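Observations on the model geometry
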Amino acid sequence: MANDASSSSTSTDTIPYPTLTILYLPAEAKLAVEEISQKYNNMTVEDCKGYFHEGKERDYKKITIWSQGIDSLWFNAIIARIKELSNLDSIPIVSGGIMYSI
């Protein structure tokens, strides 16, 4: 008897879905939005308010990036640039459904 290949599922049948990464940039770091858009054109930018730093209301740019993966070296560089522009010690990020600050 021959094996029926059409009835078995292989890992090559999976579709690689993009990952979602959200950055909350303080309004004063808006120059970083341009840098991010040059690297990842599949992104959205929204104005929002948040209480991320010291519980005080601030204006933020919510950057949502859809990609197959974020270049970690570039990502670390852009986070350092955002911190420099906004004069903050940490930036709130959502990745993999988990919110954290780096």
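Heads up: these notes are all about the structure in this document.

**Remarks on the packing of aromatic side chains**
The full count for this structure, using the stated rule, is three aromatic pairs. Centre to centre, the rings of Tyr40 and Trp74 are 5.1 Å apart; their planes meet at 70°, and the pair counts as edge-to-face. Here Tyr40, found in the loop between helix H1 (31-39) and strand S2 (43-50), pairs with Trp74, found in helix H2 (residues 72-86); they are 34 residues apart in sequence, far enough to count as distant. With relative accessibility at 18%, the residue Trp74 sits in the buried group. Considering the side-chain rings of Phe52 and Tyr60, the 5.1 Å spacing of their centres and the 85° angle between planes classify their relative orientation as edge-to-face. With a relative accessible area of 33%, Phe52 lands in the partly exposed category. Taking the relative accessible area as the measure of exposure, Tyr60 reaches 1% and is therefore buried. An aromatic cluster of three or more residues is present, and its members are Tyr24, Phe52 and Tyr60.

Rules used throughout
Residues numbered from 1 in each chain as written. Predicted model: local features only at pLDDT ≥ 70, side-chain atom pairs only at ≥ 80, totals over all residues. Heavy atoms only, no water. Phe/Tyr/Trp six-rings, centres within 6.5 Å; stacked < 30°, edge-to-face > 60°. Helix = DSSP H or I, 4+ residues; strand = E, 2+ residues; numbered from the N terminus. Buried < 20%, exposed > 50% of the residue type's maximum accessible area, 1.4 Å probe, protein only.

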